[in-house]
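Descriptive structure summary
Here's the letter readout for the chains.
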Amino acid sequence: MTAPTIAVVGSGPIGSAYARVLLESLPDARVVMFEAGPQVTEPAGASVRNIADPAQKALARERSQGPQSGTHRESLGIPAGVVVEGMFTAREGTFLLDFGGEGAAHAATFPAAAAANNVGGQGAHWTCAIPRPAFSEKVPFIPDDEWEDLISTAEALLHHRADAFSDSPIGTAIRSLLTDEFGAELPEGYGPSTLPVAGDPQPDGSMVWAGADMVLGPLLDQGTDEAARFELRDLSLVRRIEHANGRAVGVTVEDLRTGESSFFAADLVVVAADAFRSPQLLWASDIRPPALGRYLTEHHVVICTVALDAEKMGGLVTDEQLARELARRAQNAADPVAAVNRIPFSEPDHPFSLQVMYAENPPFQLDPTHPSAGNRWGYVNMGYGVRKHPRAEDGVRFDDDELDWRGLPNMTIEYALTDAETAEIDEATVRLRRAGEALGAFVAGPRLLPNGSSLHYMGTMRMGKTDDGTSVADPWSRVWGIDGLVVGGNALIPTANTMNPTLTSVALAVRGARAAAQTLR
Ligand code: FAD
């Protein structure tokens with residue numbers, strides 16, 4: 001057999017994990033990665049949070065926002081008709097699927113759904129929290145011993161740190177107060193702890209956050225054997241997966257700089273273009289298993305902001321420790337996060353994840369007359385993630401007769417909360433109030449964010465043990481019924497869960513890539 005050629009669609013952490021594992025497993029393979037958005041960082045796919053210069057950071061974010069990228073739209077190959085000035089926008093670096101302009105998705109029931117359009121995908125803008133799934137969050141049909149190896153490999157690819165900011169005295173005090181409040185109710189090993197994150201700690205106490213660049217690793221180091229066999233093409237929109245007789249044979253790609261389309265032949269096609277645009281591409285390619293786009297889940301988010309209480313903190317942190325903490329923070333004013341804590345998911349009594357981010361300032365402008373304004377102990381932004389139980393009714397539909405801003409079948413998201421979710425949201429709200437009162441005074445009280453706010457969209461190409469119509473892919477991420485086509489990303493996750501999903505998706509990608517390499521060998 002000749003050396004295999006692999007097409008990867010999407011340059012986020014998942015496409016990058018496929019590229020890395022496949023090239024390291026197959027010494028003569030070649031990988032070409034197609035990314036619809038522009039390269040906005042150096043190195044390619046790096047976290048935009050690492051850019052120190054505020055103007056450069058803002059530019060990288062704006063250029064990632066596809067139809068909401070302002071004056072940059074034309075240079076990104078976006079049709080002139082897509083005009084959405086002055087619209088409500090999404091988190092910086094992302095755009096709303098339902099952005100309100102021509103070719104916007106219809107997402108009234110899931111209005112905060114967002115995506116990124118840049119090399120590195122959402123992984124250039126993410127918070128980098130990478131907890132492991134636990135209890136029923138785990139994919140039930142992957143054996144435990146193999147899972148342990150997959151998740152450890154995924155942690156290494158993402159530069160996992162369990163102890164980020166663990167030397168922060170304020171972070172330690174937050175854990176101590178939360179343990180006083182909740183510790184007795186939680187199982188051993190699942191109490192308040194530091195939140196595992198992806199990145200490299202620096203000697204000054206700051207972090208270089210991980211993006212797809214770290215996952216790609218040697219593929220970006222000119223001079224390595226892997227780099228010679230890897231090519232990343234930005235502004236390259238894959239319009240169709242070509243297939244014949246039940247086998248994927250390549251992709252049709254539009255070069256957004258020239259508008260020219262061409263066919264790229266491949267022995268394996270990997271689609272990792274996010275949980276909405278991957279199923280959209282399969283649909284546009286006439287690959288339409290019944291579960292495609294269905295079983296959409298996310299994490300409902302109940303959040304609040306709290307000013308840390310001077311008396312409580314003062315009992316646990318000395319003035320000298322506080323002064324040192326503030327000095328450390330001042331060295332890296334560009335990155336607002338100074339300590340990250342959590343209470344993880346556990347069963348049966350705590351099917352939630354609490355994420356607690358300590359920062360010197362609240363995430364919004366606080367009126368200077370507010371009693372908590374200028375709090376020298378700082379603030380926490382924290383939120384409970386609440387699970388969504390998968391149902392076929394929730395999902396995204398594609399319309400062949402109405403095209404979106406990219407000229408692909410437009411999307412309509414259908415989504416509703418059931419009694420199962422609202423009961424857990426109510427319980428999370430009560431717990432969040434307790435957590436807030438344990439730490440200080442509310443600056444913004446607990447509130448439920450609109451559907452889609454989590455940015456963790458799952459289930460729309462879920463994996464299943466058998467091809468029974470409720471899944472799109474097998475346990476190795478191979479699309480049922482189409483050889484040579486593998487899908488990746490959070491869309492594969494079939495469970496109701498509250499963990500941040502990227503680590504799990506990278507672990508599933510490692511499994512898929514290893515199996516694909518074996519077949520190609
Ligand atoms: P993406 O990173 O979304 O990349 C997909 C890429 O495919 C995009 O660049 C897109 O332009 C490209 N693409 C789409 N269609 C095509 C096409 N037809 N042709 C070519 N290219 C295409 N997750 C966590 O686990 N922990 C967190 O703390 C966390 N925080 C987050 C905070 C923010 C602000 C955001 C935005 C996301 C966060 N996430 C977090 C989610 C995380 O970023 C995603 O889970 C992760 O990026 C998914 O990786 P991916 O490779 O599957 O998709």
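What this report covers is the structure whose coordinates are included nearby. The numbers attached to residues start from 1 for each chain and follow its sequence in the written order. Restriction of local features to residues with pLDDT of at least 70 applies here, the model being predicted, together with a cutoff of 80 or more for giving and counting side-chain atom pairs; totals for whole chains, interfaces and linings are based on all residues. Each side-chain value is worked out from all heavy atoms of the structure, with water and hydrogens disregarded.

With respect to the site of the ligand
Defined as follows: If even one non-hydrogen atom of a residue comes within 4 Å of a molecule or strand, that residue is called near it. Under the rule applied, a polar contact is a pair of N or O atoms within 3.5 Å (in protein, one hydrogen donor and one hydrogen acceptor; residues adjacent in sequence only if both atoms are side-chain atoms). Under the convention used here, a 1.4 Å probe and the Shrake-Rupley method define accessible areas, while residue burial counts only the protein chains that appear. Starting at the N terminus, helices and strands are each numbered in turn, a helix being any DSSP run of H or I of at least four residues and a strand any DSSP run of E of at least two. Basically, the charged four are Asp, Glu, Lys and Arg, the nonpolar ten are Ala, Val, Leu, Ile, Met, Phe, Trp, Tyr, Cys and Pro, and anything else, Gly included, counts as polar.
Close contacts around the ligand come from 37 residues, with Glu35, Asn118, Ala129, Asn490 and Thr502 the closest. Gly121 is positioned with one of its backbone polar atoms (N or O) 3.5 Å from an oxygen atom of the ligand. Within the backbone of Gln122, one N or O atom sits 2.9 Å away from an oxygen atom of the ligand. Relative to its free-state accessible area of 990 Å², the ligand is covered by the protein chains to the extent of 98%. Residue assignment for the shell around the ligand shows that the elements contributing at least two residues are helix 1 (13-25) and strand 10 (236-244). Residues of the shell around the ligand, tallied by class, amount to 15 nonpolar, 17 polar and five charged.

Looking at the packing of helix 4 (residues 169-182) against helix 10 (residues 419-439)
Quick note on the threshold: Inter-axis angles, ranging from 0 to 180 degrees, are taken between N-to-C directions of lines fitted to C-alpha atoms, where helices are fitted over the stretch in contact. Angle categories are assigned with fixed cut-offs, so that under 35 degrees is roughly parallel, over 145 is roughly antiparallel, 65 to 115 is roughly perpendicular, and the rest are oblique. Should the near helix be turned counterclockwise from the far one by less than a right angle, the crossing is left-handed, whereas a clockwise turn marks it as right-handed. A contact between two residues is defined here by any heavy atoms of the two lying within 4.5 Å.
For the pair helix 4 and helix 10, the least separation of the axes is 9 Å and the interaxial angle reads 130°. Classed by the angle they form, the pair helix 4 and helix 10 counts as oblique. Helix 10 is crossed by helix 4, and the crossing has right-handed handedness. Between helix 4, through Ile174, Leu177, Leu178, Glu181 and Phe182, and helix 10, the contact on the second element is made entirely by Arg431, Arg434, Ala435, Ala438 and Leu439. Grouping the amino acids of the contact of helix 4 with helix 10 by side-chain chemistry returns seven nonpolar, no polar and three charged.

With respect to the pattern of salt bridges
Inclusion rule: Only one rule defines a salt bridge in this text: a Lys or Arg side-chain nitrogen within 4 Å of an Asp or Glu carboxyl oxygen. Classification of residues uses two cut-offs on accessible area relative to the type maximum, computed with a 1.4 Å probe and protein chains only: under 20% is buried, over 50% is exposed, and between them is partly exposed.
For the structure on display, the rule yields 32 salt bridges. Among the salt bridges present, the one from Lys388 reaches Glu421, with a minimum N-O distance of 3.3 Å. Taken together, the residues span a long stretch of sequence, with Lys388 in the loop between strand 17 (379-387) and strand 18 (395-403) and Glu421 in helix 10 at a distance of 33 residues. With a relative accessible area of 1%, Lys388 lands in the buried category. Residue class for Glu421 comes out buried when judged on its relative accessible area of 1%.

Thoughts on the nonpolar core
In plain terms, the rule: Each nonpolar core is a collection of buried residues, namely Ala, Val, Leu, Ile, Met, Phe, Trp, Tyr and Cys, held together in the definition by side-chain atoms within 4.5 Å. Marked domain ranges trace back to an automatic or database domain assignment.
Ile6, Leu22, Ile174, Val271, Phe276, Met382 and Ile413 are the most contacted members of the largest nonpolar core, which has 148 residues in total. Mapping this core onto the domain boundaries places at least three of its residues in each of domain 1 (5-144 + 211-297 + 391-415 + 454-520) and domain 2 (160-209 + 299-387 + 418-448). Ignoring sequence-local partners within four residues, the contact set of Ile174 consists of Leu308, Met313, Asn341, Val356, Tyr358, Val380 and Leu439. Judged by nonpolar contacts, the second largest core, of five residues, contains Val40, Val48, Ala60 and Ala124.

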